[in-house]
Amino acid sequence: MAGVEETLGELNKESFVSLLGKLIGESKHVQNNPPDLIPEEDRVVKHVQDSLLPLSTTTGGGPLIVNHVSYFPGRGNLIVEYPGTEPGKILSFVGMHMDVVTANPNDWEFDPFSLLINGDKLCGRGTTDCLGHVALVTELMKRLAETKPKLKSTVVAVFIANEENSAITGVGVDALVKDGLLNKLKGGPLFWIDTADKQPCIGTGGMIPWKLHVTGKLFHSGLSHKAINPLELAMEALKVIQSRFYKDFPPHLKEQAYGFATPSTMKPTQWSYPGGGINQIPAECTVSGDVRLTPFYNVTDVKKKIQEYVDDINENIEKLDTRGLVSKYILPEENLRGSLTLTFDEAMSGVACDLDSCGFHVLCKATEKVVGHVKPYSITGSLPLIRELQDEGFDVQTAGYGLMATYHAKNEYCLLSDMCQGYQVFVSIISQLED
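What you see is a predicted model, and the numbers here were worked out from it, not measured in a lab. Residue numbers here run from 1 along each chain, matching the order of that chain's written sequence. Only residues with pLDDT of at least 70 get local features here, since the model is predicted, and only at 80 or more are side-chain atom pairs given and counted; chain-wide, interface and lining totals rely on the full set of residues. The basis for every side-chain value is the complete set of non-hydrogen atoms in the structure, without hydrogens or water.

Colleague: Just to check I follow, could you spell out the packing of helix H2 (residues 13-24) against helix H3 (residues 42-52) for this structure?
Modeller: Helix-helix packing is characterised by the crossing angle of the two axes and by the distance between the axes. What counts as an axis is a line fitted to C-alpha atoms, over the stretch in contact for a helix, and the angles between N-to-C directions run from 0 to 180 degrees. Secondary structure elements follow DSSP: runs of H or I no shorter than four residues count as helices, runs of E no shorter than two count as strands, and numbering proceeds from the N terminus. It is at 9 Å that the axes of H2 and H3 come closest, and there the two elements cross at 160 degrees. Viewed along their axes, H2 and H3 adopt a mutual orientation that is roughly antiparallel. In this structure, the crossing between H2 and H3 has a hand that is right-handed. Within the contact between the two elements, H2 uses Leu 19, Lys 22 and Leu 23 and H3 uses Val 44, His 47 and Ser 51. Along the lines of polarity and charge, the residues of the contact of H2 with H3 split into three nonpolar, two polar and one charged. By definition in this entry, angles of less than 35 degrees are roughly parallel, angles greater than 145 are roughly antiparallel, angles of 65 to 115 are roughly perpendicular, and the rest are oblique. The handedness criterion is simple: a crossing whose near helix is rotated anticlockwise from the far helix by less than a right angle is left-handed, and one whose near helix is rotated clockwise is right-handed. Here, two residues are considered to be in contact whenever any of their heavy atoms come within 4.5 Å of each other. Here the nonpolar group is Ala, Val, Leu, Ile, Met, Phe, Trp, Tyr, Cys and Pro; Asp, Glu, Lys and Arg are the charged ones; every other residue, Gly included, is treated as polar.

Colleague: Where do I start with the environment of Phe 426 in this structure?
Modeller: One can find Phe 426 in helix H11 (residues 416-434). Taking the C-alpha atoms as reference, Phe 426 lies 12 Å from Val 94; in sequence the two are 332 residues apart. The residues touching Phe 426, leaving out its near neighbours within four places in the chain, are Phe 93, Leu 136, Val 137, Leu 140, Ile 193 and Tyr 401.

Colleague: Would you take a moment to explain unusual backbone geometry for this structure?
Modeller: Both trends apply: most residues other than glycine have a negative phi, and most peptide bonds are in trans. Note that the residue after Pro 34, namely Pro 35, is joined by a cis bond; omega there is 0 degrees. With respect to the helices and strands, Pro 35 occurs in the loop between H2 and H3. Following Asp 129, the chain continues to Cys 130 via a peptide bond in cis, the omega torsion being 5 degrees. The topology assignment puts Cys 130 in the loop between strand E5 (121-123) and helix H4 (131-147). Its identity as a non-glycine residue notwithstanding, Asp 197 has a phi of 70 degrees, on the positive side. For Asp 197, the position within the fold is in the loop between strand E7 (189-193) and strand E8 (201-204). A relative accessible area of 37% places Asp 197 in the partly exposed class. Positive phi outside glycine occurs at Leu 385, with the angle close to 80 degrees. The buried label goes to any residue with under 20% of its type's maximum accessible area, the exposed label to any with over 50%, and the partly exposed label to all in between, with areas taken from a 1.4 Å probe on protein chains only.

Next up, the structure:
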C-alpha cells in the first residue's frame, strides 16, 4: 500500500537523535542491577510522553491514546495506541525496554551516560539495547499521529520497565499480561523489538543457572591421603555431568532449520572456595554455570536429568575417577564421604517463533525490501518474557536494529543508518498488513 509508505515517509533523523540524546542522558538512572541499582524508568517515560502527549487524546491534540501504567513508584510502562478503523485488526511493537545494563565509566573510551555522535555512530549505554528502539518507536508513533493515515489496523507500542533483571518481578510486561492489558494484541502479530543486526531473530535459548556445592575434607596438602579434595571431586564430577548432558540433549534436528549458531550447552562459568593456604586442601568449593537450551527441549526435563546425574554420583562416589594413588572421595576409617549438592536459580525458556505466521512473513518481506536481503537467525542468548507471551497465545516475532557486537558491551553504539532502516521496516509492516 504505497499510500501509507508515502505518508509515513522516512525517519526524522534530527528528531530521533534529539530524543535519543535525552534518553541516554537518563541511562545512569535506569541501570538495572538490584539491590544496588534499581532503575527509575519513569525518567525515560517522561521524555517519551513529552514527544507524544501533545498528539494525544489526553491533551486533545491528536489521536494517540497514551496509558502510563505503574506497579511500582517511579517504574512505569507506557502503552501507546494509534486507533485503526477495523475493530479487532491490530499489530503491535513491544519489548522496547527503558532500563539498561550497568556501565562502568572507567572502562569506557567515552562517557556511557551521554550521547556521543561520531559520524553514523551513536554511542552510549542503551543505544543498541534498548533506548535506541524506545526512541525509534516513539518517532514512529509520533509520525502516525502527525500524518493521521487512515489505517484499518490499530497500531500499539508498549514501552516496558524491568527487562534486564528478573530478581524483581511484577513491574514490567509480566504484570501487564497478568492484568490483561495486552490481551487485545493477540488479534495480530506482536513484534518484540529488542534484538540486533536488522534480521529477524527466530529462535532464542532457554537459560538454567546452576550451582554445584562440593564438600570434601580439609587437611594438610603434605598428608593428602587424609583429605578429600573437593576441587578434584568437582572436576571429575562435572566431567561426568557434562558428558551425560551432551548425550541426553544432543543437537536437535530443528536447530538447523532455525539456523542456531550452537546446540544446547552446559558449562561452568564461575568457581569459588572459602580461601586458605596453598598448603591446605580446602573443605569445600562451589562451581557455578549455566545451561543454554535450544527451545526444542524442555527446561524442567533438563533440571530433572541433571539432578539425577548428581544423585548417581553421590550414591556411587567411590566409582568416580581419582587422580594419582592417594586421591580419594571416601575415608572409610573416618566414615566420611565427599558429596555434591545441586541448586538452580530462576530458569527461563527459549522461544522458537512460528515460521508459518503472518507476522513472520511480513517481517521477512519488509526486511528484504529495506535491507536488501533476509537471513533469519537464532542464538542461544536468552530473551526474558517472550516465551510466556507465546504460551499465552501471542504471535511473537522479534527484530532489532542495534548491533549484536555491542550488546551489553562496553563502548556500546548503534548506527543511525540502521535505525533509519528499522523505521522503514516498521512502515513496510504497517503497509503490508493493510492489504
